[in-house]
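# Overview (structure and organization)
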Amino acid sequence: MAYGYDAHPALRRWLLELAADYRVLVPAEKGGNRIFQEVGTTDALVFGLAQDRTVLPAKKAFLPPEEMLFEFSAGRILPAMPLDDTIVFGLHVCELSADRLLTANMTHDRPDFHYLVRRNGGIIAGVSCRRTSGCFCEKTGHDQIVPGDFDLFLDLDGCPGWDSAGTGEQCGGGAKTSVAQPRLIAGSAAGRKLAASAPFPLENATGAIRAPVAAASSKTWPLDELPARIRDSFGATIWDDLAARCLGCGNCTIVCPLCYCFYTRDETGLAPETGRRLRLWDSCQLLAFARVAGGHNFRESRSERIWYRFSHKFMRMQETLGHAGCSGCGACFHFCPANIDPQQVIADVLEVTDSA
Amino acid sequence: MPDKTRQKEAPLRNEYLPDQALVLEVRELAPGIHHFVLEFVDPVLRENFSFCSGQFLQVSLLGIGESPISICSPPTQQGSFELCVREAGNLTQALHRLQPGDSLWVRGPYGQGFPLAEMAGQDLIFIAGGIGLAPLRSAIDCAVCLNDEFGELTVLHGARSPDFLLFTDEYETWRQSGRVETIVDEAPPGWRGQIGVITALLDLVNPAPENTSVLICGPPVMFRFVLGRLKELGFEDTRIFISLERHMRCGVGKCEHCVVESFYTCRQGPVLSIEQIRGISSALR
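Residues numbered from 1 in each chain as written. Chains lettered and ligands numbered in written order. Predicted model: local features only at pLDDT ≥ 70, side-chain atom pairs only at ≥ 80, totals over all residues. Heavy atoms only, no water.

## Focus: the overall build of chain A
- The number of helices and strands found in chain A is 11 helices and 15 strands.
- Looking at chain A as a whole, 57% of its 356 residues qualify as buried.
- A total of about 14000 Å² of accessible surface is found on chain A, and carbon and sulfur atoms cover 53% of it. (Helix = DSSP H or I, 4+ residues; strand = E, 2+ residues; numbered from the N terminus. Buried < 20%, exposed > 50% of the residue type's maximum accessible area, 1.4 Å probe, protein only. Areas by Shrake-Rupley, 256 points an atom, 1.4 Å probe, with all protein chains shown as cover.)

Printed below as a string of structure tokens:
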């Protein structure tokens, strides 16, 4: 059974109270989909559905699908100031872990101003998960978080209406509470402050919070080995086989919590001297991604574009940031019209590079 | 109110805001190729702007868009900088309509340029195909300007036809520091210069690899043949530097368009040694 406002009306009151000072996004139902929406616009907040993933990941709170970099008028530039007052409430452990890695990526080397203004000013609050079908966070190392990775965590384990019997595992910060009501775990000073008015008992985080354990058949991946394996697999026929199935639609990158590439576009009004420069989510799976003016395309083949995506996640991000750029949420698989399963792709990579 | 205690202490730099530059001069170097002399409107920036030969700027026109373009003037030039632009897309077509007094917008410089300081005391060979002479011209002029720091300079420039040979009025100056050879794919009757491919110029000058660095920029199709010939001549991969072109949006390693295997062309490139890209088949296409 799912858990939501029905089970605990006080949660709704508290979130609405926070919405007076913040933009509060919560995962809520809309048109049959689960979408991060502003708390004041929805009454359908719900946690713990069997299909418990949102269409767009929480990254949209800090890296909007479309944002203005600056406005211009009569030869003058007016910088856009990103808002820094967002609370995202209701992230699973894998999503919190992805947020940490995305933020590390945006801070690495040359920091990204717009993302970091939003993220540094934002608050993220997690919630227990029941494992969504097709997810595999334990394989990619995104199955636990520590204080600092989150500001607050709503532990629902043991609550009436929260059925964890499906896995028989708890998802929480410590020993199972005997009190059959949610508890909040604070992972930062900012989180503690917000929780002061919360209708739940508050505890300080004492250690890692883990995602519920997967089925026994699940096997972890050799993440340290994967960069070399992926590199060795360049040009292997597995990528051609995937290219034959892939529609090149770019869904996988749009729904991925750890994809962040973008393009820029200038827009003008009726008067061409007035307008704005935007940046918008892009996708490395689209044909024109690596095409330069004049027409030369540095990544013309679909099989190379697919290899490129997996190499970014399991080779480059692993090598530069020490973590795989895949949270294991399974969203790319769930939303893929060709049913391409990253678990199978990595299994294939491991197989074809096994003799090496 | 939002809790500000988590804000980073160091001020974040907004990389995406360009600076305004004015067109001082513009001339058509070849059909569809324009050469711009520019200066920053901001006097502090005009004074302090510094870069390395081979670095690029993100150049834009407001309302049109932004593209990476290499600087073609030497870092030794004070007060102004130059760009050489081939008409290829929306932005470059719009750039070609600019007149003296008009403005464009730039941010940068970005990327790694040619490591000229490490080449002090060496002979330099510049191999340029077409518009590839633009970033090399920055390095050539720099080496000419600092003549005593380098050995002999050799400039090899190939183009589609004689009309497309670039910076021809500067060859005499360059020749005072070395040698300039040109070759074209095809030429009208009466052309007295060389006709053929650029590797023919390497055969002509037959350079010795000792104490020599090679700087290359041109279309990808040129790389394989030039690099093959240089290898036969005995040049080591650590002494050959190549400037790569890629689609770029940010210039700071965030937009992901310019990635080649495990490096960002905008951060670790655009200039890389052949040693750095060894084994990466997608780099030289």
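## Let's talk about the overall build of chain B
- Along its length, chain B carries 6 helices and 15 strands.
- The C-alpha atoms of chain B give 20 Å as radius of gyration, which agrees with the globular expectation for 285 residues (19 Å, within 12%).
- Counting over 285 residues, chain B shows a buried share of 57%.
- The long-range fraction of contacts in chain B, counting pairs at least 24 apart against all pairs at least 6 apart in sequence, stands at 69%.
- Counting only carbon and sulfur atoms, one obtains 48% of the accessible surface of chain B, whose full area is about 12100 Å².
- Looking at chain B, you have 24 positive and 35 negative side-chain charges, and the mean spots of the two groups are 7 Å apart. (Rg over C-alpha atoms; globule rule 2.2 N^0.38 Å. Contact = heavy atoms within 4.5 Å. Lys, Arg positive; Asp, Glu negative; His and termini not counted. Charge placed at Lys NZ, Arg CZ, Asp CG, Glu CD.)

## Topic: the environment of A:Val255
Residues and elements named next belong to chain A.
- Residue placement: Val255 occurs in the loop between helix H8 (251-254) and strand S14 (262-268).
- On the basis of relative accessible area, Val255 is assigned to the buried category, the value being 6%.
- Taking the C-alpha atoms as reference, Val255 lies 24 Å from Arg277; in sequence the two are 22 residues apart.
- Aside from chain neighbours lying at most four places away, what touches Val255 is Val55, Pro57, Ala331, Cys332 and Phe335.

## Quick word on the interface of chain B and chain A
- Counting from both sides, the interface comprises 44 residues of chain B and, opposite them, 59 residues of chain A.
- Together chain B and chain A conceal approximately 4600 Å² of surface at their shared face, both sides included; 52% is due to carbon and sulfur atoms.
- Taken together, chain B and chain A are joined by 6 salt bridges.
- Two residues, B:Glu66 and A:Arg277, come together in a salt bridge whose shortest N-O distance is 3.5 Å.
- At the surface where chain B touches chain A, the tally comes to 24 residue pairs in polar contact (both at pLDDT 80 or more). (Buried area = accessible area lost by both parts, 1.4 Å probe. Salt bridge = Lys/Arg side-chain N within 4 Å of Asp/Glu carboxyl O. Polar contact = N/O pair within 3.5 Å; in protein donor to acceptor, adjacent residues only side chain to side chain.)

## Overview of the packing of aromatic side chains
- By the definition in use, this model includes 17 aromatic pairs over all chains.
- Aromatic pair B:Phe56 and B:Tyr110: ring centres 6.0 Å apart, planes at 50°, arrangement tilted. Taken together, the positions of B:Phe56 in strand S3 (residues 56-61) and B:Tyr110 in strand S6 (residues 103-110) put the pair 54 residues apart, joining distant regions of the chain. With respect to burial, B:Phe56 and B:Tyr110 carry one shared label: buried.
- Centroid distance B:Tyr171 to B:Trp174: 5.5 Å. Interplanar angle 40°. Geometry classified as tilted. Note that B:Tyr171 and B:Trp174 are positioned in helix H4 (residues 171-175) at a spacing of 3 residues, about one turn of the helix. B:Trp174 shares its class with B:Tyr171; the two are buried.
- The structure contains a cluster of three or more aromatic residues connected by ring pairs, namely A:Phe136, A:Trp221, A:Trp239, A:Phe310 and A:Phe314.
- The ring of A:Trp281 carries A:Lys59 above its face, with NZ or CZ at 4.4 Å from the centroid. (Phe/Tyr/Trp six-rings, centres within 6.5 Å; stacked < 30°, edge-to-face > 60°. Lys NZ or Arg CZ within 6 Å of the ring centre and 35° of its normal.)

## Quick word on helix H9 (residues 302-321) of chain A
Residue and element names in this part refer to chain A.
- Its 20 residues give H9 an end-to-end C-alpha distance of 27 Å, which sits within 8% of 28 Å, the value for a rise of 1.5 Å per residue.
- Along H9, the sharpest change in direction is near 45° and occurs at Ser311.
- The buried fraction of H9 amounts to 17 of the 20 residues, a majority that puts the element mostly inside the structure.
- Just past H9, the residue Gly322 takes up positive phi, approximately 80°. (Expected span 1.5 Å × (residues − 1). Bend = angle between axes of the 7 residues up to and from the residue.)

## Describing the nonpolar core
- Judged by nonpolar contacts, the single largest core of 83 residues is most densely connected at A:Val88, A:Trp239 and A:Phe314.
- With 8 residues, H9(A) is the largest single contributor of residues to this core.
- Excluding residues that lie within four positions of it along the chain, A:Val88 makes contacts with A:Leu25, A:Phe36, A:Ala58, A:Ala61, A:Phe62, A:Ile123, A:Ile124 and A:Ala125.
- If you look at the next biggest cluster of nonpolar residues, it comprises 35 residues, including B:Cys84, B:Ala134, B:Ala143 and B:Phe241. (Core = buried A, V, L, I, M, F, W, Y, C linked by side-chain atoms within 4.5 Å.)

## Describing the side chain of A:Asp143
Residues and elements named next belong to chain A.
- Turning to its location among the elements, Asp143 is positioned in the loop between helix H4 (137-140) and strand S9 (144-145).
- Buried Asp143, no salt bridge; nearest opposite-charge side chain is Arg210, N-O distance 4.2 Å.
- Not counting residues up to four positions away in its chain, the partners in contact with Asp143 are Val93, Cys137, Glu138, Ile209, Arg210 and Ala211.

## Describing the environment of A:Thr107
- Following the sequence through the fold, A:Thr107 ends up in helix H2 (residues 93-107).
- At 2.6 Å, the side chain of A:Thr107 and the backbone oxygen of A:Thr103 are in polar contact.

## What about the pairing of strand S3 (residues 33-38) of chain A?
Residue and element names in this part refer to chain A.
- Where strand S2 (residues 23-30) and S3 come together, 6 bridges link them in antiparallel fashion. From the neighbouring strand, Leu25 faces S3, where its bridge partner is Glu38.
- The turn joining S2 and S3, which pair antiparallel and follow one another in sequence, is formed by 2 residues; a positive phi near 55° is taken by Gly31. (Pairing = 2+ DSSP bridges.)

## Quick notes on the side chain of B:Arg137
All names here are of chain B.
- Inspection of the secondary structure puts Arg137 in helix H3 (residues 133-145).
- One polar contact links the side chain of Arg137 to the main-chain carbonyl oxygen of Cys72, over a distance of 3.1 Å.
- Excluding residues within four positions of it along the chain, Arg137 makes contact with His35, Cys72, Ser73, Glu82, Phe167, Glu170 and Trp174.

## What about the pairing of S2(A)?
- The pairing of S2(A) with strand S7 (residues 86-91) of chain A spans 3 bridges and is parallel. Along S7(A), the bridge assignment pairs A:Leu25 with A:Val88.

## Side note on the packing of helix H7 (residues 237-245) of chain A against H9(A)
All names here are of chain A.
- One can describe the packing of H7 onto H9 by two numbers: an axis separation of 8 Å at closest approach and a directional angle of 110°. Overall, the two elements H7 and H9 adopt an arrangement that is roughly perpendicular. Taking contact as the criterion, the partners of Trp239, Asp240, Leu242 and Ala243 in H7 are, on H9, Arg302, Ser303, Ile306, Trp307 and Phe310.
- Residue classes in the contact of H7 with H9 are distributed as 6 nonpolar, 1 polar and 2 charged. (Axes fitted to C-alpha atoms, helices over the stretch in contact; angles between N-to-C directions. Parallel < 35°, antiparallel > 145°, perpendicular 65-115°, else oblique. Nonpolar A, V, L, I, M, F, W, Y, C, P; charged D, E, K, R; others polar.)

## Description of the pattern of salt bridges
Residues and elements named next belong to chain A.
- Inspection of the entire model under this criterion finds 33 salt bridges over all chains.
- A salt bridge links Arg277 to Asp266; the nearest nitrogen and oxygen atoms lie 2.6 Å apart. Taken together, the positions of Arg277 in strand S15 (residues 274-281) and Asp266 in strand S14 put the pair 11 residues apart, joining distant regions of the chain. Like Asp266, Arg277 is buried.

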